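Structural characterization, general
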Amino acid sequence: MRRKFIAGNWKMNGLKAQLGEVESIAGAASDNSGVDVALCVPFTLIAPAVAAAGSMPVGAQDVHAAQSGAHTGCISAAMLTETGAGLVIVGHSERRADQCESSGDAWAKALAARGAGLHVILCCGETEEERDAGQTEAVVAEQIAAIPGDAHGDWLTIAYEPRWAIGTGKTPTEDEIAATHGAIRAKLGELAGKEAADTIRILYGGSMNPANAAAILALSDVDGGLIGGASLTAEKFVPIIEAAA
Ligand code: 3PY
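**Regarding the overall build of the chain**
- When its secondary structure is counted, the chain shows eleven helices and eight strands.
- Taking 18 Å as the expected radius of gyration for a compact globule of 245 residues, we find that the chain reaches 17 Å, a close match to that expectation.
- Principal axes of the C-alpha set define a box for the chain whose edges measure 45 × 45 × 35 Å.
- The buried share among the 245 residues of the chain stands at 50%.
- Look at the contacts in the chain between residues 6 or more apart in sequence, and 72% of them connect residues 24 or more apart.
- Split by element, the accessible area of the chain, about 10400 Å² in all, is 52% carbon and sulfur.
- Taking the average location of the 17 positive side-chain charges in the chain and that of its 30 negative ones, the two points are 2 Å from each other.

Following this line, the structure appears as structure tokens:
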């Protein structure tokens, strides 16, 4: 039985003034102990957020694939663990679009993070054109194709985030979400076997909010959510945590 997992992605938002939100969200996480909750914040906020979050894991939104070296402005997995991060998002569609990251780049980052003991949330998702062309499952399958045979839910989570649903308020139909999550689960089984397919959680992301969370979280093969804007305040994020509990 997979526990539900609700992760917040603060993107490029959050100064120390927002640490009160981290504390309130962590309070709700401990009140709803049947659900796993984490917050992925900007690099600069990881250490103070860890101090404010108690036992709730705090993570990053990117990591470099190399362990160290001449990579100006980048962060290694060891640096993240040293700040207290417990997880990292890789392959988010905003990084694929803004930083031209490929599925290969995302996977190299995932392996570096795994090597440093970080839990990895690997994102995948199609564009609106790809969806309209009926290519959703093929695109997502390519984005997760590098998953190795020893993949396991202990260190890997998948987040399915249709790119056209991010920050737009649009979401796929419930049937579409369930079908894509089912296809991802089947692909996990093909790539890494039954144990991987049974243990790796598949989160839905893209305009999940307090109004639609309960319905999406009830769908088969939806094991939680990766939440953008609605994770920035306890007022909006806590009802999503409660919907998963
Ligand atoms: C969103 O819901 O906006 C996200 O991109 C979460 O990662």
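**Description of the sheet that holds strand β4 (residues 87-90)**
- The eight strands are arranged β1-β2-β3-β4-β5-β6-β7-β8 in a closed barrel whose pairing can be described as parallel. Recorded for the sheet is a direction-independent mean angle of 25 degrees between the axes of neighbouring strands.
- Examined bridge by bridge, strand β5 (residues 119-124) and strand β6 (residues 156-160) share five bridges and lie parallel to one another. Of the residues in β6, the one forming a bridge with C123 is A159.

**A few points about helix α1 (residues 19-31)**
- Here α1 spans 19 Å end to end across 13 residues, near enough to the 18 Å set by a 1.5 Å rise per residue.
- For α1, every residue scored as buried is listed here: L19, V22, I25, A26, A28 and A29.

**Looking at the nonpolar core**
- Membership of the largest hydrophobic core comes to 67 residues, with the highest contact counts inside it found for I147, L156 and I158.
- With near-sequence residues (within four places) excluded, I147 lies in contact with W107, L122, L156, I158, L188, L191 and A192.

The rules behind these values
Residues numbered from 1 in each chain as written. Predicted model: local features only at pLDDT ≥ 70, side-chain atom pairs only at ≥ 80, totals over all residues. Heavy atoms only, no water. Helix = DSSP H or I, 4+ residues; strand = E, 2+ residues; numbered from the N terminus. Rg over C-alpha atoms; globule rule 2.2 N^0.38 Å. Buried < 20%, exposed > 50% of the residue type's maximum accessible area, 1.4 Å probe, protein only. Contact = heavy atoms within 4.5 Å. Areas by Shrake-Rupley, 256 points an atom, 1.4 Å probe, with all protein chains shown as cover. Lys, Arg positive; Asp, Glu negative; His and termini not counted. Charge placed at Lys NZ, Arg CZ, Asp CG, Glu CD. Pairing = 2+ DSSP bridges. Axes fitted to C-alpha atoms, helices over the stretch in contact; angles between N-to-C directions. Expected span 1.5 Å × (residues − 1). Core = buried A, V, L, I, M, F, W, Y, C linked by side-chain atoms within 4.5 Å.

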